[in-house]
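# Architecture and fold: a report
Chain by chain, the residues run as shown.
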Amino acid sequence: MRYMNLYKKTGCLLLAAVILVCNSCKKVLEEHPESSILPSFLATPAGVLGGIAGVYNDIRSQWGTEGFSAEMVAGTDEHLSGASASGIQLYTYNGLNSSNFGSAWGTAFQDINTINGVLEYGQAIDSLTLAPATKRVYMAQAKFLRAFWYFYLVQTWGDVPLHTSFISVATKSASRTPAAQVYDQIIKDLNEAIVDLPNTPTSPFLGKAATKPTALYLLAKVYLTRGWLNNTTADFTQAYNIASSIITNKATYGLDLWQDYGDAFNPANDYGKETMFVSDHSIDPKYGLYNNVSGVTPGPGGGASGGAAQNLTPWFYIWNYPSNSGINSYKDKTTGALKNMGASDMIRDAANGRPYTRTRPNTDVLKSGPHTGKRYLLDEAFADRTNDSRYSNTFQTVWISNTAVTNSATADSNKRGISYSMTVGVDTAIWLPDFEVPGAPQFNGTTPFKGIIIPPSLWTNSYFPAVKKFMDPSRGANFNDPSTRPVVIYRFSDVYMIAAEAAFKAGDLTNAAAMLNVVRQRAAYRKTNTPAQNAAAVAAMTITPSDVTLDFILDERTREFFGEWQRWHDLVRTKSLVRRVKEWNPEAGPNIQDFHTLRPIPQTEIDRVTEGPAFTQNNGY
Amino acid sequence: MRIKGRITSEAGQPVASATVALKGTSIAATTDAGGNFEISAPSDGTLVISSVGITSKEVNINGRNRIDISVATTANDLEQVIVIGYGTQKKRDVTGSVVSVNEKTLKEVPAPNVIAQLKGRTPGVSIISNGATPGSGGQIRIRGNRTITNTQSSADALDGPLLVVDGIPYGGSINDLSPDDITGLEVLKDASATAIYGSRGAGGVLLITTRRGKAGKAVISYDGYHGISHIMKEYNVMNGQEYAQFKQDAATYNRTSPGTSAYLLTQAEKDALAAGVSTDWQKLIYQNGFTTSHQLSVSGGTEATQFGLGAGYYNETGIIPHQKYERYSVRATIDHKINSRLKIGLNTINTLSYINTPGGSGVPFSLVRLTPLASPYLPDGTLNLTPAIGSLDASIISPLTLKTKASSILARTRRLRTFNSVYAEVQIAKGLRYRLNVGLDYRQEAANNYNGPLTFTNTATTQASSNASVSNTEAWSYNIQNLLYYDKTIAEKHKINLTGLFEVNKDHNQASTFNVTGVPADYINSSNFSLAQGQTTGSGTFTESGLLSYMGRANYTYNNRYLLTATVRVDGSSTLAPGYQYFTYPAFGLGWNVTEEEFMQNYHFINNLKLRGGWGISGNRNVAPYQTLGLLTAAAYNFGLTSGGQQLAYTVTQVSNPFLSWQSTSQYDIGLDFAVLDNRITGSVDVYQQKTKDILLPVNLPQSNGANSTVQNLGKTKGSGLEISLSSVNVRATNGFTWSTDVNFFFNREQITELTTPSEKANKSNGWFVGEPLSVIYDYKKVGIWQTEDSVKGLTAGQTSPKAYPGQIRVEDLNGDGKIDANDRQILGNFQPKWEGGLTNRFAYKGFDLSIVIYARMGMKVLVPYLTADGGASGFPFFNQGRLNQVKVNYWTRSNPTNDFPAPDAGTDRLNFGSTLGYRDGSFIKCRSINLGYELPAGVLKRLKVNSLRIYLNATNPFIIYSPFVRDGFGPDPEGNGYGGAVNPTGASDASAPTRQVSVSLNNPAIRQYTIGANLKF
């Protein structure tokens, strides 16, 4: 009896359990993600704004990062490989192929699809949820960004897939749209963006996000580029007129040139009047993506090497000054090369940067060709280093001792015959003069030099002037951390350069010279000069219409924009890549061919198109 | 009176866990591991000895107080009851391909978990270690791979077996289960056996049974061992002189700027070279590890109630300082018969484990790289904190800080798990039973990490750069099974069993991680983030998935001769797209006990012959939850520098997937079980073929469509194989000496039969090819090194792109167009062994027993990332560049025109075609363990007042018998110690390095272990 009771009770409990289970059955098959954000979020104002910010964040993952920066400047007349260059194919074109190029391809199209989602979902948000005025600004930002990426794509690869609607379900087919159509879409997007973008950066798009003049600048450059492509004067005229209109309205737009070229690269002026468009960085570990290396806590002191969204720009052009600058270095009699010897006066610090030695200015003496015996940097681009302030504003040639070294008269290879100590912060540890110095490296003439002198004849891929425009002394003790300066993608002086090039191509040499003179006369100014000296320099720098040639414009662009992510596109646009590289670049010249003016479509794209017609590669690859 | 005795088999082996009962009473005892028993019985009584695997025997006591009994093992253990899905069955009646492994076999290899014990022991089960770091698991595959995928995590989820512990599905780490708690396991291999697990069965099922109480006097047992472990071998690195020469050579053969190098010896290194310094960093770090295991258990009970209690402690320290794995376990089982109709029971397994791995598994990577031309200590005897000072890698902090600054490095994971199963069984009517199984599994994992400055794990110099993280993972799952059983025998010949099931399963997983920098002092570690200088950042994940199932099974036996099993299961899963959530899994199996036939009665030498065959469909739904929904990847952006410009940011990275459905595998299997010559030779042979379709395939999409990849039901694969196992008693001498051998031999041949479309024959970006195994090496074929004479003869000039020079890797120009490009890639091999096998020899003489386990995997490739370079995080970033020290290889110089490795080149961090250097023959034959035991004789035991005592000596991984990889000096062990890390084949920047494979990386090297242990019962 007692057992029967228990039996019944247990039976009831079991039955209850079964019923309980059945009630929750259906729910077991429902999904409620709690930790992720779904595409439908783009249909909210926060989603639209977030989508735009997402694209800006992706732009940050390219401009200023290592591989992308090399893609934009390597293999040109300006740049040669540093001793620790990575992706050597970019510098030499030897073996450059579909498998080692194109880091931005996927990012660009991911952004374009995001923008298409923003435009599609955002346009449909009702006016109560999102005020029409705000919506127009959001849509204008999105259109600018779509044009921005397509312009990059079409310059780099030519015909590319053109998408203007949101792709929400996976497809495995893709095809290339003729460049002409892509240009039409870019121009349409920019014209629409110009209408609704504000004159100056306005919340929430602060800093130097896209504004009306940014879109106008891009439009001018698009016309200029398409003009070269099709040789159409109408496009050049458009480019000139738009660029001129920006100059005319520069006060409205809050834009102007700094009086001193160097001030454009002063960290304090990063968001100043000369800056038109940037990708932002900041020390904030979340919004600034300060140190985005997996497994490393975001924040200062990570000593990051590589990683997405990091501004590593300051480091690429720095040779290994702490290791290769032994105080008793000497010139090897047999090889003629600098032999590193003794302790260095330099240790790595924030002021001098982290030595990556990836890229160097083209300083090699040419052994053949039309410019035999010349160095591009010293004898062509920056031939006038007296009147033009840009050489000294671009390159670091002096390193002041930052660690105390005592040199003994009997130290190995100390040819000075004296013992002495370096004074930190006073003595010059390394000097890279832009002229030959007899007695170098240990003597200036016959005078013993406390540090070492490395004149141009001793420059190699390990010894070269460093680029100082992008240096970030704010790193302090964490000098291995990436820079938090913004990467300046568009600078106001380029408006003059676009106008000059457009006028030149439209046959208007007078205006071309006038525009160039604005840039050149500014470059003549030095704070340290007297007014009379400055006036003399301005006069010396001023050119006449007959001076304007394509090569002159290209040299001028080197002087003005050295290292600013433009050179490869500049040369391609002006159809000068192959010629100038053959003339000036001893590493790439022997390998470059005509087809190199378009980049190879990434092999992944070609391999992954498995439905419909095959995706075509650019000729030659 | 008290009666003592010992039960042995005909072969003289002790029979453990046999029941010795007094006939006609409920008095019973159980034999211990030594076969000993003790029972109170009247002197005229009769003892009944029964157990699985032996023929029951009755013995009259006849007044004896010492009775040693030899029993006959049953014909091929046919009466043995084995565990099958959702029930048990006599082995005689099983139609599927099922392998049982008993406790004794498992214990021949002391190991932290059952998977490690199982290595090389069962045909069709392939187990590869994935590291020697304490607490690391292993990769297990039953009958090969089925799923086309490239990532290790998805390959494990999709192709790994389902683990079931006492009837309840078991997720999470196998290390949470102390191997001492396991009494046996069954491996369900073919689909007719696994289809009963429906969508979770395709990778095979491991049914693990844990120890439960038995009626009889309480038995206390203790198992323990202590061991010492040390590395099998160091990685072969260059010494100081060789390193100096190597750097010089890297400059000489610098292709970009001949004669120069950014990585020449520093002044300090030159001085060290002159002073004859050559530091072996590995020697300074590697140490002996110790393993300790103690397990104490008590079990016993009455006919109505049985209990089992156990507590265990396991501690393993690693070969890297301060690395260890520690586990505490407590277990309790109770089974109670409330009345003749109702039975209830509980099994609770609880473990608490700590894993400490400062430096992680990759410490050797850093030891190999570090310059040998630096003294570990300064002249004043203090640690040389920055041995690479002056070089480009000056920031490296001495690995010896792992020892000297141990309190500044914390890498601890604490795991708490409670795995519980409860059941109630009601006899509703004769033959009809209802059973409720409820599984409740809860696990929580907390990780604490801290890296102080100026340590091996954090090279930053300031305290502000210290970093700490804490993470917490909570996972629970419940499983409710409602089972109805009906057993009926009609006319004594027709035996029918029916099983019905309704099951609900839900898994929940939630995790969060928080990081901070600037912990003000090392002793704080990760204990208080509010003290830190930096802001705390964090992240979290949440996933839930549910499974709803119905199953029915019918077993029919005719006259013990003809067997039929038929099952059907329906599974519904939350992770698939609505409308595609349900799938049906049918299966049937047939068996024929040939020996039961009249015509076999004349063949006395055949003791058992059984033919079985089956077909079934099982599946896989292991898609991560929310794959069908699409995804925005979240980031954040600051417009300008002010907080007003801070915005959350999103990009569309995954598009929705409204058609995602089931992957399924159909398989047929034909098997033969046999026993001949008085059961001295027994064995099984199985052949099978399986076909998998609608594979959950991560399809890489053309990036121009905005998303990088998606999961779709595409592709087909097939696999087939042969499995043979043989056991033989070779010698059974009258003096008690026995020698028996277990052999298993098997192979699996897998291949892709269809990719995303029937017309697609190759997916080169992923390295998938129709007709080839599931992962292959697709790359250029290295044919040697360009030699100086090639250049003289003009051969190098024939290669126009990239231009080739003497000393560089020469690859085959497949299409002969003079250009080496993507079109010259070819299939170079795969990771599928030609065959695998295991061999166990056991010897017994008097009280001594000896077992030797050998296993082999032959004819496959392994990936060796550290022999390659791609300049990135994969491979050895600076291999052959001369920047850092590395594994010593035979590299090309003008005076050493080898074809092995190219000339070093200081000018590049990625040698042309460098990936081709990392594919090596991974074949091996290894001795897994040697175990020598001694069972103390009864007389001694009596004085010690214990029932049985066996002491043993064991050597695990004592030696490698054959391995071309080890022979060539590339590493200490070909078996692998990590996943991935391989560089992408040169010329394919896509994710095509087959990272699903275990690779041989510069991780903690394999260890050899010597233990001494005891099994004691009283």
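Located above this text is the structure these notes cover.
Here's what I pulled together on the structure shown here.

## Overview of the overall build of chain B
Across its full length, chain B holds twelve helices and 52 strands. Its C-alpha atoms give chain B a radius of gyration of 31 Å, near enough to 31 Å, the size a compact globule of 1018 residues would have. Taking the principal axes of its C-alpha atoms as reference, chain B extends roughly 95 × 70 × 65 Å. Counting only residues that meet the buried cut, chain B has 58% of its 1018 residues in that class. Counted over contacts in chain B with a minimum sequence separation of 6, partners at least 24 positions apart contribute 69%. With the model as given, the accessible surface of chain B reaches about 37000 Å², and the carbon-plus-sulfur share is 56%. Considering chain B, the positive charge centre built from 91 side chains and the negative charge centre built from 77 side chains are found 4 Å apart.

## Re the overall build of chain A
For chain A, the count of helices and strands is 21 helices and 15 strands. When its C-alpha atoms are laid out on the principal axes, chain A stretches across 115 × 70 × 45 Å. Considering chain A as a whole, with its 621 residues, one finds that 62% of them fall into the buried category. The centroid of the 55 positive side-chain charges in chain A is displaced by 4 Å from the centroid of its 54 negative side-chain charges.

## Considering a positive patch on the surface
Taken together, the side chains of Lys4(B), Lys217(B), Lys942(B) and Lys945(B) define a basic patch exposed on the protein surface. For Lys945(B), a relative accessible area of 71% translates into the label exposed.

## Considerations on the sheet that holds strand β10 (residues 428-431) of chain A
In space, the three strands of this open sheet follow the order β7-β10-β13 (chain A), with mixed pairing throughout. If you trace the sheet from one side to the other, it starts and ends with β7 (398-400) and β13 (452-453) of chain A, each paired once.

## Some words on the packing of aromatic side chains
Residue and element names in this part refer to chain A. Under the defined criterion, the tally for this structure stands at 73 aromatic pairs over all chains. Aromatic pair Trp63 and Tyr152: ring centres 5.9 Å apart, planes at 70 degrees, arrangement edge-to-face. Residue Trp63 is found in the loop between α3 (45-60) and α4 (66-73), and its partner Tyr152 is found in helix α7 (residues 132-157); the two are separated by 89 residues along the sequence. Residue Trp63 is classed as buried on the basis of its relative accessible area, which comes to 5%. Relative to Trp157, the ring of Phe101 lies with its centre 5.9 Å away and its plane at 70 degrees, an arrangement referred to as edge-to-face. On the criterion of sequence distance, the pair formed by Phe101 in the loop between α5 (88-92) and α6 (104-123) and Trp157 in helix α7 is long-range, its members being 56 residues apart. We classify Phe101 as buried; its relative accessible area is 6%. The side chain of Arg354 reaches across the aromatic face of Trp315, ending 5.1 Å from its centre. One Lys or Arg, Lys415, reaches over the ring of Tyr330 and ends 4.7 Å from the middle of that ring.

## Re the sheet that holds strand β1 (residues 2-9) of chain B
Hydrogen bonds between backbone atoms are what pair the strands of a sheet, whose relative direction is either parallel or antiparallel. Residues and elements named next belong to chain B. Taken in spatial order, the three strands of this open sheet run β4-β1-β7, and their pairing is mixed. Among the strands making up the open sheet, the edge pair consists of β4 (36-40) and β7 (66-71). Neighbouring strand axes in the sheet, compared pairwise and without regard to direction, differ in orientation by 25 degrees on average. In the sheet, β1 pairs with β4 via five bridges, with the strands oriented antiparallel. Considered in β4, the bridge of Arg6 is made with Asn36.

## What about empty space enclosed by the protein?
Residue and element names in this part refer to chain B. Using the criterion set out here, one finds 14 cavities of 30 Å³ or more in the structure. When its volume is computed, the largest cavity comes out at roughly 550 Å³. Of the residues in the lining of the largest cavity, the class split is 17 nonpolar, 15 polar and seven charged. For the second largest cavity, the calculated volume is near 390 Å³. For the second largest cavity, the lining is made up of 32 residues, of which Ser126, Ile128, Phe831, Pro833 and Arg857 are closest to its centre. Elements represented by at least two residues in the lining of the second largest cavity include exactly β11 (125-129), β12 (138-142), β36 (716-732), β37 (738-754) and β46 (861-863). Looking at the lining of the second largest cavity, the element that brings in the most residues is β37, giving four residues. Grouping the amino acids of the lining of the second largest cavity by side-chain chemistry returns 13 nonpolar, ten polar and nine charged.

## Quick notes on the interface of chain B and chain A
Taken together, the 108 residues of chain B in the interface contact 102 residues of chain A. Between chain B and chain A lies a buried interface of about 8400 Å² when both sides are counted; carbon and sulfur atoms form 58% of it. It is Tyr637(B), Phe639(B) and Tyr650(B) in chain B that bury the most area against chain A; as a group they hold 9% of the surface buried on that side. At the boundary of chain B and chain A, one finds one salt bridge. Across the salt bridge formed by Asp607(A) and Arg825(B), the nearest N and O atoms sit 3.8 Å from each other. Taken together, the links from chain B to chain A amount to 26 residue pairs in polar contact (both at pLDDT 80 or more). With nine residues, strand β31 (residues 646-654) of chain B is the single largest residue contributor to the side of chain B that touches chain A. Split into classes, the residues belonging to the side of chain B that touches chain A amount to 44 nonpolar, 54 polar and ten charged.

## Observations concerning the side chain of Thr956(B)
Here Thr956(B) shows up in strand β49 (residues 948-962). In this structure Thr956(B) touches Val109(B), Pro110(B), Arg928(B), Ser929(B), Arg1008(B) and Gln1009(B), once residues within four positions along its chain are discounted.

## Here's the deal with the side chain of Asn113(A)
Looking at the secondary structure, you find Asn113(A) in helix α6. Discounting residues that sit within four places of it in the chain, Asn113(A) has contacts with Ser165(A), Phe166(A), Ile167(A), Val652(B), Asn705(B) and Gly706(B).

## Some words on the pairing of strand β35 (residues 709-713) of chain B
Residues and elements named next belong to chain B. With four of its five residues buried, β35 lies for the most part within the structure. Sheet analysis places strand β34 (residues 696-700) next to β35, joined by five bridges and oriented antiparallel. Following the sheet pairing, Val699 is matched in β35 by Thr710.

## Topic: the pattern of salt bridges
Residue and element names in this part refer to chain A. Counted by the stated rule, this structure contains 88 salt bridges over all chains. As a salt-bridge pair, Glu274 and Arg522 come within 2.8 Å of each other at their nearest N and O atoms. Taken together, the residues span a long stretch of sequence, with Glu274 in the loop between α11 (250-253) and β2 (275-279) and Arg522 in helix α16 (residues 509-524) at a distance of 248 residues. Residues Glu274 and Arg522 agree in their burial class; the two are buried. Notably, a salt bridge pairs Arg491 with Glu564, separated by 3.0 Å at the nearest N-O pair. Placement of the pair is Arg491 in strand β15 (residues 487-491) and Glu564 in the loop between α18 (550-561) and α19 (567-573), with a sequence separation of 73 residues. Put simply, Glu274, Asp388, Arg390, Lys469, Arg491, Arg520, Arg522, Glu556, Arg559, Glu560 and Glu564 are held in one network by salt bridges that share partners.

## As for the packing of helix α9 (residues 212-230) of chain A against helix α10 (residues 233-248) of chain A
Residue and element names in this part refer to chain A. Their axes nearest at 8 Å, the elements α9 and α10 cross at an angle of 160 degrees. Relative to α10, the element α9 lies roughly antiparallel. Remark: the crossing between α9 and α10 carries left-handed chirality. Taking contact as the criterion, the partners of Pro213, Leu216, Tyr217, Leu219, Ala220, Tyr223, Leu224, Arg226, Gly227 and Trp228 in α9 are, on α10, Asp235, Phe236, Gln238, Ala239, Ile242, Ala243 and Ile246.

## Brief notes about a nonpolar patch on the surface
Taken together, the side chains of Leu611(B), Tyr668(B), Ile670(B) and Val687(B) present a nonpolar region at the surface, about 340 Å² in accessible area. By secondary structure assignment, the location of Val687(B) is in strand β33 (residues 681-693).

## Quick notes on the nonpolar core
Counting 161 residues, the largest nonpolar core has Trp63(A), Phe144(A), Phe148(A), Trp149(A), Leu153(A), Ile430(A) and Ile454(A) as the members making the most contacts within it. Sort the elements by how many residues they give to this core and α7(A) lands first, with 15 residues. Setting aside chain neighbours within four positions, we find Ile454(A) in contact with Trp319(A), Leu338(A), Ile430(A), Trp431(A), Leu432(A), Pro433(A), Trp459(A) and Tyr463(A). Membership of the second largest hydrophobic core comes to 54 residues, among which are Trp281(B), Val811(B), Leu911(B) and Leu1002(B).

Each value, and the rule that gives it
Residue numbers run consecutively from 1 along every chain, following the written order of its sequence. Chains and ligands are labelled sequentially in the order written, the chains with letters from A and the ligands with numbers from 1. Reporting in this predicted model follows two pLDDT cut-offs: at least 70 for local features of residues, and 80 or more for side-chain atom pairs to be given and counted; totals over whole chains, interfaces and linings ignore these cut-offs and use all residues. Here the side-chain values reflect all heavy atoms present in the structure, with hydrogen atoms and water set aside. Secondary structure is summarised from DSSP: a helix means a run of H or I of at least four residues, a strand means a run of E of at least two, and numbering begins at the N terminus for each. We take the radius of gyration over the C-alpha atoms and set the globule estimate at 2.2 Å times the residue count to the 0.38 power. To sort residues, take the accessible area from a 1.4 Å probe on protein chains only and compare it with the maximum for the residue type: under 20% means buried, over 50% means exposed, and anything in between is partly exposed. Note on contacts: a residue pair qualifies if any of its non-hydrogen atoms lie within 4.5 Å across the two residues. Computed with a 1.4 Å probe, the accessible areas rest on the Shrake-Rupley method; for each residue, only the protein chains presented here act as cover. In this tally Asp and Glu are treated as negative and Lys and Arg as positive; neither His nor the chain ends contributes. Lysine's charge is taken at NZ, arginine's at CZ, aspartate's at CG and glutamate's at CD. Nonpolar side chains (Val, Leu, Ile, Met, Phe, Trp, Tyr) within 5 Å and like charges within 9 Å form the patches, drawn only from residues with over 30% relative accessible area and no salt bridge. Here, a salt bridge means any side-chain nitrogen of Lys or Arg that lies within 4 Å of a carboxyl oxygen of Asp or Glu. Strands qualify as paired when DSSP identifies two bridges or more between them. Pairing of aromatic rings covers Phe, Tyr and Trp, the last counted by its six-membered ring, and requires centre-to-centre distances within 6.5 Å; plane angles under 30 degrees mean stacked, over 60 mean edge-to-face, and any other angle means tilted. To sit over a ring, a charge needs its Lys NZ or Arg CZ within 6 Å of the ring centre and within 35 degrees of the ring normal. An axis is simply a line fitted to the C-alpha atoms; with a helix, the fit covers only the stretch in contact. Between two such axes, the angle follows the N-to-C directions and lies from 0 to 180 degrees. Two kinds of site are reported from a 1 Å grid over the protein atoms alone, namely cavities, where a 1.4 Å probe fits but cannot get out, and pockets, open sets with protein on both sides within 12 Å along at least five of seven lines, and residues are called lining when an atom falls within 4 Å of a point. Grid points are joined across faces, edges and corners, and a volume is the space filled by probe spheres set on the points. Lys, Arg, Asp and Glu make up the charged group, whereas Ala, Val, Leu, Ile, Met, Phe, Trp, Tyr, Cys and Pro make up the nonpolar group; the residues left over, Gly among them, are polar. We define buried area as the total accessible area lost by two parts upon association, computed with a 1.4 Å probe and summed across both. In the analysis that follows, any N or O atom pair within 3.5 Å is treated as a polar contact, provided that within protein one partner can donate a hydrogen and the other can accept it, and provided that, for residues neighboring in sequence, both atoms belong to side chains. Throughout, the term roughly parallel applies to angles under 35 degrees, roughly antiparallel to angles over 145, roughly perpendicular to angles from 65 to 115, and oblique to all others. Helix crossings get a hand from a simple test, with the near helix turned counterclockwise from the far one by less than a right angle marking a left-handed crossing and a clockwise turn marking a right-handed one. For this analysis, a nonpolar core means a set of buried residues of the types Ala, Val, Leu, Ile, Met, Phe, Trp, Tyr and Cys, connected via side-chain atoms within 4.5 Å.

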